[in-house]
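Chain by chain, the residues:
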Amino acid sequence: MDWTRYIRDFETHLRLERNLADNSVQAYLRDVSHLRRFAEPLGLEPADITADHLRQLLLQLNQTDIAVTTQCRIISGLRTFFHMLVIEDVLTENPAELLEMPARPRHLPDVLSDREIEAIQATFDRSQPGPARNYVIVEVLYGCGLRVSELVNLKLSNLYFDEEMIQVIGKGNKERWVPINSRALALVDEYIHTIRSHITPQPGQQQFLFLNLRGHQLTRVAVFQFIKEAVERASIHKNVSPHSLRHSFATELVQNGADLRAVQEMLGHQSLSTTEIYTHLTPQYLRDTLATYHPHYKKQ
């Protein structure tokens with residue numbers, strides 16, 4: 001069977017041709033693993049797969065209660081895999097192109113108010129190095145709208161104090177520039193000089209901004225964990241993750257009148273439609289907007 005070889009080629013294609021980050025590569029490989037588990041018992045090699053086979057696979061996945069958003073991502077991953085096979089002349093056409101994307105549910109993410117952000121930060125004992133670092137991390141996530149993967153990969157060389165900007169390497173290793181407010185910048189500077197300067201970085205870790213106390217690059221899992229614990233201590237009854245701080249950053253901007261394309265640029269979204277989820281608004285905001293701009297409301 002050719003699955004092992006083609007999946008190995010696919011990984012190389014993703015890393016070298018598409019220049020994707022490791023997390024994205026692993027997600028694409030998981031997508032193809034669904035297809036492999038479906039096809040191998042049927043004696044199907046990658047070149048044998050048709051659109052009908054892919055529809056059968058999606059039907060099976062749907063019956064296992066895999067979320068619609070996950071199904072959409074799997075389809076996208078399979079399209080990329082078969083696109084590579086077309087490039088390599090294994091196939092003449094991409095069978096995944098014939099698949100229809102299931103309708104994505106437009107759910108509203110949990111967002112945090114300014115007061116809730118402050119309540120989370122208040123749970124950190126800033127006299128201790130670890131919690132003091134975590135306080136700064138919450139400020140940067142909320143103040144700059146970063147993905148947690150972008151935050152843990154921030155390097156000292158990405159900080160531009162005079163310009164009050166940070167250089168962020170996002171999905172697909174795409175670079176963008178994000179403003180950082182003076183409060184967050186001051187906290188970062190304080191962290192570097194009073195906490196990080198007393199940590200001995202491990203070999204190869206010297207360039208990373210946020211380190212654990214043993215001198216290793218901070219991990220995504222560690223950030224998820226300390227934020228989860230802080231939310232519990234703050235008695236906030238919401239489903240909060242580091243991504244919630246990014247949601248909150250964007251929601252505050254959009255609801256206060258920021259241009260959607262500017263928000264798109266700061267978040268590093270490829271498509272404006274992705275940014276439009278942040279146009280979800282509170283009922284009071286909608287009422288206030290009608291009261292301000294609708295002529296019949298003005299007559300009341």
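Draft legend 1. Seen up close, unusual backbone geometry. Unlike most non-glycine residues, Asn19 shows phi in positive territory, near 55 degrees. Within the element layout of this structure, Asn19 appears in the loop between helix H1 (3-17) and helix H2 (22-39). One non-glycine residue, Glu164, adopts positive backbone phi at about 55 degrees. Within the fold, Glu164 resides in the loop between strand E1 (159-160) and strand E2 (165-169).

Draft legend 2. Structural context of the sheet that holds E2. Reading across the sheet, the 3 strands line up as E1-E2-E3 and stay open at both edges, with antiparallel pairing between neighbours. Each edge of the sheet is formed by a strand with only one pairing partner; in this case those strands are E1 and strand E3 (175-179). Strand direction decides the pairing type here: E1 and E2, joined by 2 bridges, are antiparallel. In the strand pairing of E2, Leu159 is matched with Ile166.

Draft legend 3. Expanded view of the packing of aromatic side chains. Summed over all chains, the structure comprises 7 aromatic pairs. Between the aromatic rings of Tyr191 and Phe210, the centroid separation amounts to 5.2 Å while the plane-to-plane angle is 35 degrees, which identifies the pairing as tilted. Of the two residues, Tyr191 sits in helix H8 (residues 182-194) while Phe210 sits in the loop between H8 and helix H9 (220-233), which places them 19 residues apart along the sequence. According to the relative accessible area criterion, Tyr191 is buried, its value standing at 1%. An aromatic cluster of three or more residues is present, and its members are Trp3, Phe10, Tyr28, Phe81 and Phe82. Positioned above the aromatic ring of Tyr6, the side-chain terminus of Arg5 is 4.4 Å from the ring centre. Lying over the aromatic face of Tyr135, Arg126 brings its terminal NZ or CZ to 4.0 Å of the ring centre.

Draft legend 4. Inspection of the pattern of salt bridges at higher detail. Here the structure, examined in full by the defined rule, presents 10 salt bridges. One salt bridge in this structure joins Glu139 and Arg183, with 3.2 Å as the shortest N-O distance. Highlighted residues: Glu139 in helix H6 (residues 129-144) and Arg183 in helix H8, separated in sequence by 44 residues. With its nearest N and O atoms 2.5 Å apart, the salt bridge here joins Arg147 to Glu150. For Arg147, a relative accessible area of 10% gives the class buried.

Draft legend 5. Examining the environment of Phe81 more closely. With respect to the helices and strands, Phe81 occurs in helix H4 (residues 68-87). A sequence separation of 74 residues divides Phe81 from Ile7, and the C-alpha atoms of the two residues are 8.4 Å apart. Residues within four places of Phe81 in sequence aside, it is in contact with Trp3, Tyr6, Phe10, Val32 and Pro46.

Draft legend 6. Structural view of the nonpolar core. In terms of nonpolar packing, the biggest core is built from 45 residues, with Ile120, Leu146, Leu151 and Val223 touching the most fellow members. Counting only elements with at least two residues in this core, the list comes to helix H5 (114-122), H6, helix H7 (148-152), E2, H8 and H9. Looking at this core, the element that brings in the most residues is H6, giving 9 residues. Membership of the second largest hydrophobic core comes to 29 residues, among which are Phe10, Leu35, Leu54 and Leu91.

Draft legend 7. Spatial organisation of the environment of Gly215. Residue placement: Gly215 occurs in the loop between H8 and H9. By relative accessible area, which is 0% here, Gly215 ends up buried. Taking C-alpha positions, Gly215 is 5.9 Å from Ile199, a pair spaced 16 residues apart along the chain. The contacts of Gly215, once residues within four sequence positions are left out, are Ile199, Thr200, Pro201, Gln202 and Gln205.

Draft legend 8. Seen up close, the side chain of Arg196. Looking at the secondary structure, you find Arg196 in the loop between H8 and H9. No salt bridge is formed by the buried Arg196. Its closest oppositely charged neighbour is Asp189, at 11 Å. A distance of 2.7 Å separates a polar atom in the side chain of Arg196 from the backbone oxygen of Gln206. Sequence-distant contacts of Arg196, that is, excluding residues within four places in its chain, are made with Leu156, Tyr191, Pro201, Gln205, Gln206, Gln207, Phe208, Leu209 and Leu211.

Calculation criteria
- Residues numbered from 1 in each chain as written.
- Predicted model: local features only at pLDDT ≥ 70, side-chain atom pairs only at ≥ 80, totals over all residues.
- Heavy atoms only, no water.
- Helix = DSSP H or I, 4+ residues; strand = E, 2+ residues; numbered from the N terminus.
- Pairing = 2+ DSSP bridges.
- Phe/Tyr/Trp six-rings, centres within 6.5 Å; stacked < 30°, edge-to-face > 60°.
- Buried < 20%, exposed > 50% of the residue type's maximum accessible area, 1.4 Å probe, protein only.
- Lys NZ or Arg CZ within 6 Å of the ring centre and 35° of its normal.
- Salt bridge = Lys/Arg side-chain N within 4 Å of Asp/Glu carboxyl O.
- Contact = heavy atoms within 4.5 Å.
- Core = buried A, V, L, I, M, F, W, Y, C linked by side-chain atoms within 4.5 Å.
- Lys, Arg positive; Asp, Glu negative; His and termini not counted.
- Polar contact = N/O pair within 3.5 Å; in protein donor to acceptor, adjacent residues only side chain to side chain.

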